Amino acid sequence: MAHRFDIPHRHRIFSIIITDDGALELWLDGCLRKRRDPGPRDPLYVWTNIELDWEEHHYVEARYDRRLDELKVTINGEPILERSPTTVPP
């Protein structure tokens, strides 16, 4: 079962999706920015820069550790989301 987390950040919205096949995706404004297919290594890791106001960049990172079932999302190193995707509704 896929899990999607929509996260507003200022005037932009990005989404972190754990797909049915176990991949980790990062979407920004409806466009796929990064996808990491499942493999033998954990955690899965995706990232992107979001340009907000004039030359203001925010670095979004998401890590999903399948063994621990733990998703962590940060913006510029500050925690935004930490949860177990299988214990919350999609």
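The structure we're discussing is the one just above.
Residues numbered from 1 in each chain as written. Predicted model: local features only at pLDDT ≥ 70, side-chain atom pairs only at ≥ 80, totals over all residues. Heavy atoms only, no water.

Peer 1: Which parts of the structure should I look at to understand the environment of Pro43?
Peer 2: Residue position: Pro43 is located in the loop between β4 (31-36) and β5 (44-51). Under the relative-accessibility criterion, Pro43 is labelled partly exposed at 38%. Between the C-alpha atoms of Pro43 and Asp65, which are 22 residues apart in sequence, the distance is 4.2 Å. Not counting the four nearest positions on each side in its chain, Pro43 is found in contact with Arg63, Tyr64 and Asp65. (Helix = DSSP H or I, 4+ residues; strand = E, 2+ residues; numbered from the N terminus. Buried < 20%, exposed > 50% of the residue type's maximum accessible area, 1.4 Å probe, protein only. Contact = heavy atoms within 4.5 Å.)

Peer 1: Can you help me understand the sheet that holds strand β3 (residues 24-28) in this one?
Peer 2: Sheets are built from strands that pair by backbone hydrogen bonding, the pairs being arranged parallel or antiparallel. Pairing in this open sheet of four strands is antiparallel, and the strands run β1-β2-β3-β4 from one edge to the other. In this open sheet, the two strands that pair with only one neighbour each are β1 (3-9) and β4. Strand-to-strand twist in this sheet, taken as the mean axis angle between neighbours without regard to direction, amounts to 20 degrees. (Pairing = 2+ DSSP bridges. Axes fitted to C-alpha atoms, helices over the stretch in contact; angles between N-to-C directions.)

Peer 1: Looking at this structure, how should I read the packing of aromatic side chains?
Peer 2: Each aromatic ring pair is specified by the distance between its two centres and by the angle formed by the two planes. Applying the stated criterion to the full structure yields one aromatic pair. Judged by centre distance (5.3 Å) and plane angle (20 degrees), the ring pair of Tyr45 and Trp47 falls under stacked. With a relative accessible area of 27%, Trp47 lands in the partly exposed category. (Phe/Tyr/Trp six-rings, centres within 6.5 Å; stacked < 30°, edge-to-face > 60°.)

Peer 1: I keep staring at the side chain of Asp65 and nothing clicks. Help me out?
Peer 2: Take Asp65: it is sitting in strand β6 (residues 57-65). Relative accessible area serves as the criterion here: at 11%, Asp65 is assigned to the buried category. Among the polar contacts listed, one links the side chain of Asp65 to the backbone nitrogen of Arg67, at a separation of 3.0 Å. (Polar contact = N/O pair within 3.5 Å; in protein donor to acceptor, adjacent residues only side chain to side chain.)

Peer 1: What exactly am I supposed to notice about the pattern of salt bridges here?
Peer 2: Between side chains of opposite charge, a pair can form when the charged atoms approach closely. The final tally for this structure, using the stated rule, is nine salt bridges. A salt bridge links Arg67 to Asp42; the nearest nitrogen and oxygen atoms lie 3.4 Å apart. Of this pair, Arg67 sits in the loop between β6 and β7 (70-75) while Asp42 is found in the loop between β4 and β5, placing the two residues 25 residues apart along the sequence. Residue class for Arg67 comes out exposed when judged on its relative accessible area of 64%. Taking relative accessible area as the criterion, Asp42 reaches 21% and is therefore assigned partly exposed. (Salt bridge = Lys/Arg side-chain N within 4 Å of Asp/Glu carboxyl O.)

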